[in-house]
Amino acid sequence: MNITRILAYRVELPLHEQTYKWSGGKSVNVFDSTIVAVETNVGLVGYGEVCPLGPFYLPAYSDGVRAGLRELGPHLLGDDPRQLVKLNQKMDAALKGHPYVKSGIDIACWDILGQATGLPVCELLGGRYGEDVRLYRAISQESPEQMAAKVAGYRAEGYRRFQLKVGGDPDVDIERIRAVAAKLQPGDRLVADANTGWVQHEAVRVAKAVRDIDVYIEQPCLTYEECLAVRRKIPHPFVLDENIDDLGMLLRAKADLAMDVVNLKISKLGGLTKIKQARDLCVSMGIAMTLEDSWGGDIATAAIAHLAQSTPTEFLFTTTDFNSYVTVSTAVGAPQRKDGWMSASRQSGLGVWPKMEVLGNPLVEIT
Ligand code: MG
C-alpha cells in the first residue's frame with residue numbers, strides 16, 4: 001500500500017461561547033483548523049486534524065500547517081502509510097522540527113492502519129481501557145464571579161473536572177481560584193492553568209495565598225526553570241504542559257521530580273506515533289497525564305478519544321472533547337460527550353467520516 005495523494009482543507013470553527021480567553025489577554029473567537037486527507041493506491045483514505053490555539057500559544061500557526069504540508073507532502077508520496085515509525089523518520093529527515101505540521105499526516109496514517117486491519121485506533125495504540133474516558137471543561141478567563149457562575153452549567157453537562165484559565169493579574173487570579181473552588185462539590189477536581197502567564201514571584205504568591213485549597217497548579221511560568229523553582233516552593237499537585245514538547249524534556253522533568261501530572265498534546269509532540277511513545281513512557285514512570293491537543297473539531301476529538309482510551313485508566317488524569325466547544329461539525333462518527341464522559345469509536349480506524357460539504361475545496365493538493 002502506498003500514499004498517492006495528500007489533501008488539506010481549511011475549516012473555521014466558531015465557539016458556542018463566542019470567545020475563549022486565557023493568560024496574557026490572549027483569545028480566539030474562530031479557530032482555523034486544517035483537516036488532512038491521505039489517499040492510498042488501494043482506495044483507503046485516512047483523516048487527521050491540526051488546530052493551533054491561535055498563533056501565540058505554541059510555536060505553531062494555522063497557515064504554517066498548510067505551508068508545512070506543501071513542503072513535506074511530496075517526500076511522502078509512494079510511502080506505505082501503515083509503517084508509522086518509518087514514516088515518521090522520513091518526515092523528520094525531510095523537515096526538521098515543526099512537529100505540528102507532521103501531526104495531521106501521522107493521525108491520518110493511523111486511521112488508514114486501522115481501516116486496513118479492521119481495528120479501532122485505540123486497540124492499535126495499546127488496547128481499550130474501560131468503557132469511556134472522563135472529560136474536563138476549560139473555563140475561559142473572565143472575572144472571578146463570571147467564572148464561578150459557569151461551574152453549575154458545566155456540571156449540569158456532566159463535567160466534574162474544571163480547568164480554570166488564570167495567568168492574569170495575580171490578585172484577581174487568587175479571587176478566581178477561591179470563587180470557583182467555592183462552587184465545587186465532593187469528587188470534583190480543580191486545575192488552575194496559568195499557561196505560562198505568571199512570573200516566578202507571582203506564581204509563588206498565588207499558590208501560597210490558596211494553600212488551603214485543593215487545586216492543581218499548571219504551567220505557572222514561561223520557562224522550565226521558573227516552573228521548577230515554583231514547584232519546589234509550593235504544596236500543590238503540579239502539572240507541566242507547554243515546556244514538555246519532546247522526550248528529552250519529559251525525561252528531564254521526571255529526573256527533577258518537576259511534575260505530578262503532565263499535559264501531552266498530540267500536535268505538540270508531532271502526532272499519535274510520537275505521543276504514544278511519550279504516553280507509554282509516562283505509564284512506565286508512574287506519571288499521570290492529561291491527554292489532548294491544542295484544539296480542534298470532530299476529527300481531532302476522535303484522535304484524542306482513541307489516545308485517551310488506550311491509556312491505563314489510573315494514568316489518565318483527564319482529557320477533552322473540543323468538538324463540543326465549537327459550533328461546526330466536520331465529521332460523522334466523532335465521539336459525543338455523554339454526562340461528562342466520551343468513548344472512542346468501535347469502528348475501524350478513527351471511525352470518522354468527514355462531511356465533504358463542510359470541508360469544501362482543498363487548499364493544498366500534493367500529487
Ligand atoms: Mg495547559
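Refer to the preceding data block for the structure.
Residues numbered from 1 in each chain as written. Predicted model: local features only at pLDDT ≥ 70, side-chain atom pairs only at ≥ 80, totals over all residues. Heavy atoms only, no water.

## Re the pattern of salt bridges
- All chains considered together, the criterion is met by 29 salt bridges.
- Across the pair D79 and K90 runs a salt bridge whose closest N-O atoms are separated by 2.8 Å. Of this pair, D79 sits in the loop between helix 1 (62-72) and helix 2 (84-94) while K90 sits in helix 2, and the two are eleven residues apart along the sequence.
- Where D241 meets K265, a salt bridge forms, and the shortest distance between an N and an O atom there is 2.4 Å. Of the two residues, D241 is situated in the loop between strand 11 (238-240) and helix 9 (247-255) and K265 in strand 12 (residues 261-265); the sequence distance between them amounts to 24 residues.
- Each of R10, E12, D32, D63 and R66 takes part in one network of salt bridges that share partners. (Salt bridge = Lys/Arg side-chain N within 4 Å of Asp/Glu carboxyl O. Helix = DSSP H or I, 4+ residues; strand = E, 2+ residues; numbered from the N terminus.)

## Looking at the coordination of the magnesium ion
- Those protein atoms acting as donors to the magnesium ion are D193 (OD), E218 (OE) and D241 (OD), and they sit at 2.1 to 2.3 Å.
- Residue D241 is classed as buried on the basis of its relative accessible area of 1%. (Donors = N, O, S within 2.8 Å, 3.2 Å for Na, K, Ca; no water. Buried < 20%, exposed > 50% of the residue type's maximum accessible area, 1.4 Å probe, protein only.)

## Some thoughts on helix 6 (residues 170-181)
- Given a rise of 1.5 Å per residue, twelve residues ought to cover 16 Å, and the 16 Å separating the end C-alpha atoms of helix 6 matches this to within 8%.
- At its buried positions, helix 6 is contacted by strand 7 (136-139), helix 5 (144-156), strand 8 (161-165), strand 9 (189-193) and helix 7 (200-209).
- Two or three places before D171, at the opening of helix 6, D169 has a side-chain oxygen 2.8 Å from that residue's backbone nitrogen. (Expected span 1.5 Å × (residues − 1). Contact = heavy atoms within 4.5 Å. Polar contact = N/O pair within 3.5 Å; in protein donor to acceptor, adjacent residues only side chain to side chain.)

## Observations regarding the packing of aromatic side chains
- As enumerated under the stated definition, the model contains ten aromatic pairs in all.
- Geometrically, the ring pair formed by Y216 and F317 is tilted, given 4.8 Å between the ring centres and 45° between the ring planes. Here F317 lies in strand 14 (residues 316-319) and Y216 lies in strand 10 (residues 216-218), a separation of 101 residues in the sequence.
- Aromatic rings pair up to connect Y20, W22, F31, F56, Y57, W295, F322 and Y325 into one cluster.
- Seen from the ring of Y325, R137 lies directly overhead, with NZ or CZ sitting 3.7 Å from the centre. (Phe/Tyr/Trp six-rings, centres within 6.5 Å; stacked < 30°, edge-to-face > 60°. Lys NZ or Arg CZ within 6 Å of the ring centre and 35° of its normal.)

## Side note on the sheet that holds strand 18 (residues 364-366)
- Here we have four strands laid out as an open sheet, ordered 5-4-1-18, and antiparallel in their pairing. Edge strands, defined here as strands with exactly one partner in the open sheet, are strand 5 (45-50) and strand 18. Pairwise comparison of adjacent strand axes, ignoring direction, gives a mean angle of 15° for this sheet.
- Direction of pairing for strand 1 (residues 3-14) relative to strand 18: antiparallel, over a ladder of three bridges. When the sheet's bridge partners are listed, L7 is paired in strand 18 with E365. (Pairing = 2+ DSSP bridges. Axes fitted to C-alpha atoms, helices over the stretch in contact; angles between N-to-C directions.)

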